[in-house]
Amino acid sequence: MDISKQIQTPEYDFLRNHPRLGNRIILLGPGGSYAYGTYQENSDLDIRGITLNLPSDLLGLTQFEQYEDAHTDTVIYSFNKIIRLLLACNPNTIEILGLDDDQYLIRTPIGQELLDHKHLFLSKRAAKSFGGYAGAQLRRLQNAVARNTLPQKEREQHIYRSVKHALEDFERKNDMHSKGRIHLYIDQSQRPNLETEIFIDAEYKHLPLRDYQAMFGTMQNVVRDYDQIGKRNKKKDWDHLNKHAMHLIRLFLMAVDILKKGEIRTHRTQERELLCSIRRGDFQNQDGTFSKEFYKMLDDYEKRLDEALKYSALPDHPDTEQVEQFVESVNRRAVNGDFYA
């Protein structure tokens, strides 16, 4: 697919015509499989980009974080929002800084400045951010495999561990420990179709309703994703598992590059054959479980990540002072309209 020609078609006219996009876009490129180099004949095209905030966002009352076009799977982040995500080494967004030169569809002078400053966002936080995403992928794999191979009592244990991890992640990120507690446990179920079931005891005081809703939504999503496995046809389930397995290894590869080499390398040309072999099911057994070779490979990459973190020359946290200076310089030009050259 010629992506540069594709985005010139009428369905992508919003890139040129929307007042927040057009000449305010500083970076634009493919996301997903086309970014990683793992696309197949039927792969969807995802487009990701960054656009400058309007003066009214920076000096007035308007707010803007991102523009989404669901029809074309396009997401364009505001400059200020992408900076916050990059400081957290967010895997879904930092990859736009690691495309090959010829993958960029738009790269303005300010966009090039951002690429030139990408080292400012690299820190040992990558181990936690990428490792956390990889862990989420692993739990999906374990849950899905357990769905089809284990008795209900043992499957409930898998769900319990996944929900507990998701809850701990949410509590850590949102500082929930000072507001109360949740106790998760497994006990005998009164439902005729369940032998055991996960139960919850919650004790909170003065907790905002939205925080409460978000916390329970996080746990509910884990259970819902788990329950959905097996409700579609088996071939589609296994395709999804292979895709998760591929991204699991890809996340480890990117994290090791960041920690060991200080590089963001999104386009995985050197590992394309390995990743594609996982995607097409070469490491999956006939019953849908994954082979010993896959888990051995996974264990190896986890050890590589631990070693890369141990000897990484990156700082513990990004250089926020230099990032602040760069952001202020860009936003001054965004306000003054001095970003066309």
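This text follows the structure it describes.
No experiment lies behind these values; they were computed from the predicted model shown. (Residues numbered from 1 in each chain as written. Predicted model: local features only at pLDDT ≥ 70, side-chain atom pairs only at ≥ 80, totals over all residues. Heavy atoms only, no water.)

(A) Representation of the nonpolar core. If you look at the biggest cluster of nonpolar residues, it comprises 62 residues, and the most contacted ones within it are Phe79, Ile83, Leu97, Leu114, Phe130, Ile249 and Phe294. Per-element accounting of this core gives the leading share, 14 residues, to helix α11 (residues 234-261). If sequence neighbours within four positions are ignored, phenylalanine 79 has contacts with Ile26, Ile50, Thr51, Leu52, Asn53, Phe326, Val327, Val330 and Asn331. Formed by 15 residues, the second largest nonpolar core is a distinct cluster that contains Ile159, Ile182, Tyr204 and Met219. (Core = buried A, V, L, I, M, F, W, Y, C linked by side-chain atoms within 4.5 Å. Buried < 20%, exposed > 50% of the residue type's maximum accessible area, 1.4 Å probe, protein only. Helix = DSSP H or I, 4+ residues; strand = E, 2+ residues; numbered from the N terminus. Contact = heavy atoms within 4.5 Å.)

(B) Representation of unusual backbone geometry within the structure. One non-glycine residue with positive phi stands out, namely aspartate 73, at about 55°. Tracing the chain through its elements places aspartate 73 in the loop between β3 (66-69) and β4 (74-78). Note on aspartate 73: relative accessible area 33%, which makes it partly exposed. The phi torsion at histidine 206 lies on the positive side, around 55°, for a residue other than glycine. Structurally, histidine 206 can be placed in the loop between β7 (196-204) and α10 (209-228). Judged by its relative accessible area of 82%, histidine 206 is exposed.

(C) Fine view of the packing of helix α7 (residues 109-116) against helix α14 (residues 320-336). For the pair α7 and α14, interaxial distance at closest approach is 12 Å and the crossing angle is 175°. What the angle tells us is that α7 and α14 run roughly antiparallel. For the pair formed by α7 and α14, the contact residues are Ile110, Glu113 and Leu114 on the first element and Phe326, Val330 and Arg333 on the second. Residues belonging to the contact of α7 with α14 are distributed by class as follows: four nonpolar, no polar and two charged. (Axes fitted to C-alpha atoms, helices over the stretch in contact; angles between N-to-C directions. Parallel < 35°, antiparallel > 145°, perpendicular 65-115°, else oblique. Nonpolar A, V, L, I, M, F, W, Y, C, P; charged D, E, K, R; others polar.)

(D) Expanded view of the side chain of glutamate 197. Mapped onto the fold, glutamate 197 is located in strand β7. Looking at glutamate 197, its side chain comes within polar contact range of the side chain of arginine 191, at 2.6 Å. (Polar contact = N/O pair within 3.5 Å; in protein donor to acceptor, adjacent residues only side chain to side chain.)

(E) Highlighting the pairing of strand β1 (residues 25-31). For β1, the tally of buried residues reaches seven of seven residues, placing the bulk of the element in the interior. Judged from the six bridges that link them, β1 and strand β2 (residues 46-51) form a sheet pairing that is antiparallel. Within the sheet, the bridge partner assigned to glycine 31 lies in β2 and is aspartate 46. Strand direction decides the pairing type here: β1 and strand β5 (residues 106-107), joined by two bridges, are antiparallel. Residue pairing for β5: leucine 27 is matched across the bridge by arginine 107. (Pairing = 2+ DSSP bridges.)

(F) Spatial organisation of the pattern of salt bridges. Counted under the stated rule, the structure contains 18 salt bridges. Here arginine 280 ties to aspartate 282 by a salt bridge, and the two come within 3.0 Å at their closest N and O atoms. Relative accessible area serves as the criterion here: at 47%, aspartate 282 is assigned to the partly exposed category. It is possible to trace a salt-bridge network through shared partners that takes in Asp257, Lys261, Arg265, Arg268 and Glu271. (Salt bridge = Lys/Arg side-chain N within 4 Å of Asp/Glu carboxyl O.)

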